[in-house]
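# Observations on the three-dimensional arrangement
What follows is each chain in one-letter form.
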Amino acid sequence: QKAVIVRLLQQRGRRVAMIGDGANDTLALKAADVGVSFIEQSSPLAKRAAQILVRDITDILPVLEAARSIPRQAEFIAVGMTIVFLAILFGDFLN
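Residues numbered from 1 in each chain as written. Predicted model: local features only at pLDDT ≥ 70, side-chain atom pairs only at ≥ 80, totals over all residues. Heavy atoms only, no water.

Before going further, it helps to examine the pattern of salt bridges. If you walk through the whole model with that rule in mind, you get one salt bridge. Between D25 and K2 there is a salt bridge, with its nearest N and O atoms 2.4 Å apart. Highlighted residues: D25 in the loop between β1 (17-19) and α2 (26-31) and K2 in helix α1 (residues 2-11), separated in sequence by 23 residues. (Salt bridge = Lys/Arg side-chain N within 4 Å of Asp/Glu carboxyl O. Helix = DSSP H or I, 4+ residues; strand = E, 2+ residues; numbered from the N terminus.)

A few words now on the sheet that holds strand β3 (residues 52-54). Here three strands make up an open sheet; going across it, the order is β1-β2-β3 and the pairing parallel. Single-partner strands in this sheet number two, and they are β1 and β3. Averaged over all adjacent pairs, the angle separating strand axes in this sheet is 25°, with direction ignored. In terms of strand pairing, β1 meets strand β2 (residues 34-38) through three bridges, oriented parallel. Bridge assignment links M18 to a residue of β2, and that residue is G35. (Pairing = 2+ DSSP bridges. Axes fitted to C-alpha atoms, helices over the stretch in contact; angles between N-to-C directions.)

The next point concerns a nonpolar patch on the surface. A surface patch of nonpolar side chains, amounting to about 220 Å² of accessible area, comprises I19, I57 and L61. With a relative accessible area of 44%, L61 lands in the partly exposed category. (Patch = residues over 30% accessible without salt bridge, like charges linked within 9 Å, V, L, I, M, F, W, Y side chains within 5 Å. Areas by Shrake-Rupley, 256 points an atom, 1.4 Å probe, with all protein chains shown as cover. Buried < 20%, exposed > 50% of the residue type's maximum accessible area, 1.4 Å probe, protein only.)

With that settled, consider the nonpolar core. One finds A3, V6, V16, M18, A28, L29, A31, A32, A46 and A49 forming the largest nonpolar core, which totals 10 residues. When contributions to this core are tallied by element, the ones reaching two or more residues are α1, α2 and α3 (44-49). Examining the composition of this core, we find that three residues originate from one element, α2, more than from any other. When residues no more than four places from it in sequence are discounted, the contact partners of A32 are V6, Q10, V16 and M18. (Core = buried A, V, L, I, M, F, W, Y, C linked by side-chain atoms within 4.5 Å. Contact = heavy atoms within 4.5 Å.)

Take the pairing of β2 next. With four of five residues buried, β2 is to be regarded as a mostly interior element. As paired elements, β2 and β3 share three bridges and run parallel to each other. The residue bridging F38 from the neighbouring strand is V54, located in β3. For the crossover that starts at β2, traverses α3 and ends in the parallel β3, the hand is right-handed. (Right-handed = clockwise from strand over helix to strand, strands pointing away.)

A separate point is the side chain of S37. Residue placement: S37 occurs in strand β2. According to the relative accessible area criterion, S37 is buried, its value standing at 0%. Within the local environment of S37, its side chain forms a polar contact with the backbone oxygen of G20, the two atoms lying 2.7 Å apart. Polar contacts involving the side chain of S37 include one to the side chain of S42, which spans 2.6 Å. Excluding residues that lie within four positions of it along the chain, S37 makes contacts with G20, D21, S42, A46, K47, A50, I52, L53 and V54. (Polar contact = N/O pair within 3.5 Å; in protein donor to acceptor, adjacent residues only side chain to side chain.)

In structure tokens:
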């Protein structure tokens, strides 16, 4: 069920990070944009499926908080670059 939820969120345009430690989390860890598991407490399957291994959940919380702002910043940069491009393009036509 976790993997189904991950895919549904992705179909809605969301980026998904999955944190899991058991063999039952393996499919969701693989389906997620970023899979996170634990170095010591996780099953071997979960460790192999994850892209990131952490010692403790507190290791990853600051990273997840920082990641929340990335799409907004990237969107802002893309819009800003488009405006600059249009200004240059139309500036050439107007002069």
